[in-house]
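# Residue-level structure breakdown
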Amino acid sequence: MRSTLVRRTVLTASAVSLALLSTACGSDKADDKKADAKPSAAAASSAAPAAKGKTDTELTALLVTQAEAPDYVVQAEAGAKLAKVDSTAVTTDKAECKVLVQSQALQKVGTPTGVARTALGAKPKQPAENASPEEKLEAIKNALGITTTMTGLASYDGKGAEELIASVKAAGTACAGGFSATSEGDTTKYESVKPGPTVTGGDESASLSLTADLSDGDKGTILITVARKGSTVATFSSISLTGTAEHPKKLIDTQVKKLG
């Protein structure tokens, strides 16, 4: 039987994540010095304003909708439960790994100015009209094993969004050998943390695959993806009742593109 922490996450989801290059050229050294002086003074007097985070209402309007993700089904009940998610106390044996458990359950990380959450399940393939009883049974089994992706948006003032992405990336390295997490008295051991599928889009992103050591000897794989666009971070936590989640590439691409 799955450990309680992993089981709760699964049930919640099914019922209900380099520098800019510039080049300057010139043939006259004296002219170069003059040209360099003016931009420096201008830059000092007109520094870019600090990033401002979005509100709950603004982020809710940016969540991907059913019409925008035809290959998925919005799970209304799951979405309603996610709206009540708070920063439940979670402890980890490695401090750097806490952000992974928080991201997995779409808990608040840091101090966001606004959050919005939803859940979408991959649309199961329907059996053909003339399908045999065996084929229909197989279709039912496949439907039970669909990957559900909890999707959350969080916005931050200042450098909060960049710091969140950096903490997830750092956790990917610090927690590679595994870690343990405890919530409400239940402890789950994560056997490993590995790089996840490649993600494109947004200003920066990170994708990780967490393998949980379940109490019945089985392994459960959870995919966590975070992508930043400006001051907003989209988090995707993908799981399946079969234990192995499929990468929701289309969903991620659609959501990140909607952020601008």
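Above this text sits the structure in question.
I will try to describe carefully the structure that is included in this document. (Residues numbered from 1 in each chain as written. Predicted model: local features only at pLDDT ≥ 70, side-chain atom pairs only at ≥ 80, totals over all residues. Heavy atoms only, no water.)

## Section: the pattern of salt bridges
Here is the rule: When a carboxyl oxygen of Asp or Glu lies within 4 Å of a side-chain nitrogen of Lys or Arg, that pair is called a salt bridge. Burial classification: accessible surface area is computed with a 1.4 Å probe over protein chains only, and a residue below 20% of its type maximum counts as buried, one above 50% as exposed, and the rest as partly exposed. The helix and strand labels rest on DSSP assignments: H or I over at least four residues marks a helix, E over at least two residues marks a strand, and numbering proceeds from the N terminus.
By the definition in use, this model includes 9 salt bridges. Among the salt bridges present, the one from Lys 219 reaches Asp 213, with a minimum N-O distance of 3.2 Å. Accessibility expressed as a relative area gives 40% for Lys 219, which makes it partly exposed. Two residues, Lys 249 and Asp 253, come together in a salt bridge whose shortest N-O distance is 2.7 Å. Linking Lys 249 with Asp 253, this pair stays in helix 8 (residues 249–258), spanning 4 residues, or about one helical turn. On the basis of relative accessibility, which here comes to 27%, the residue Asp 253 falls in the partly exposed class. Each of the salt bridges in this network shares a partner with another, and the network as a whole consists of Lys 169, Asp 203, Glu 204, Arg 228 and Lys 229.

## Some details on helix 7 (residues 160–174)
Applicable threshold: A helix is expected to span 1.5 Å multiplied by its residue count minus one. What the arc covers is the set of directions going from the helix axis to the C-beta atoms. Residue contacts are defined here by distance: any two heavy atoms, one from each residue, within 4.5 Å place the two residues in contact.
The end-to-end C-alpha distance of helix 7 is 21 Å, a good match for the 21 Å that 15 residues give at a rise of 1.5 Å each. Among the residues of helix 7, Gly 160, Ala 161, Leu 164, Ile 165, Val 168, Ala 171 and Gly 172 are the ones counted as buried. What you see down the axis of helix 7 is that its buried residues fit within an arc of 145°, all on one side. Projecting away from the buried face of helix 7 at angles above 90 degrees are the exposed residues Glu 163 and Thr 173. Buried residues in helix 7 make contact with helix 5 (98–104), strand 6 (186–195), strand 7 (204–213), strand 8 (219–229) and strand 9 (232–240).

## Considering the state of the cysteines
Convention followed: What counts as a disulfide here is a pair of cysteine sulfur atoms lying within 2.5 Å.
All chains considered together, the criterion is met by 1 disulfide. Note on cysteine connectivity: Cys 97 is disulfide-linked to Cys 175, with sulfurs 2.0 Å apart. Here the S-S torsion is close to -115°, and the disulfide linking Cys 97 with Cys 175 is therefore left-handed. Of this pair, Cys 97 sits in the loop between strand 2 (91–92) and helix 5 while Cys 175 sits in the loop between helix 7 and strand 5 (179–183), placing them 78 residues apart in sequence. Residue classification places Cys 175 among the buried positions, given a relative accessible area of 0%.

## Details of the nonpolar core
Short version of the rule: By nonpolar core is meant a set of buried Ala, Val, Leu, Ile, Met, Phe, Trp, Tyr and Cys residues that side-chain atoms within 4.5 Å join together.
Of all hydrophobic cores here, the largest spans 29 residues; its most connected members are Leu 100, Val 168, Phe 179 and Leu 210. Of all the secondary-structure elements, those providing two or more residues to this core are helix 5, helix 7, strand 5, strand 6, strand 7, strand 8 and strand 9. Here this core takes 5 residues from helix 7, the largest share from any one element. Ignoring sequence-local partners within four residues, the contact set of Leu 100 consists of Val 168, Ala 171, Cys 175, Phe 179, Val 193, Leu 208, Leu 210 and Ile 224. If you look at the next biggest cluster of nonpolar residues, it comprises 12 residues, including Leu 59, Leu 62, Val 199 and Val 256.

## A closer look at the sheet that holds strand 3 (residues 114–122)
Which entries qualify depends on this criterion: Think of it this way: DSSP has to see at least two bridges between two strands before they count as a pair. Orientation is described by axes fitted as lines to C-alpha atoms, over the contacting stretch for helices, and by angles from 0 to 180 degrees between their N-to-C directions.
Ordered by their spatial adjacency, 9 strands build an open sheet running 1-3-4-9-8-7-6-5-2, and the pairing between neighbours is antiparallel. At either end of the open sheet lies a strand with only one pairing partner, and these are strand 1 (72–74) and strand 2. Bridge count between strand 4 (residues 147–155) and strand 9: 9 bridges; the pairing is antiparallel. Its bridge partner lying in strand 9, Thr 151 is registered against Phe 236. Helix-sheet contacts for helix 7 involve strand 6, strand 7, strand 8 and strand 9, and the interaxial angle to strand 7 is about 40°. In this fold helix 8 packs onto strand 1, strand 3, strand 4, strand 8 and strand 9, with an angle of close to 165° to the strand it touches most, strand 9.

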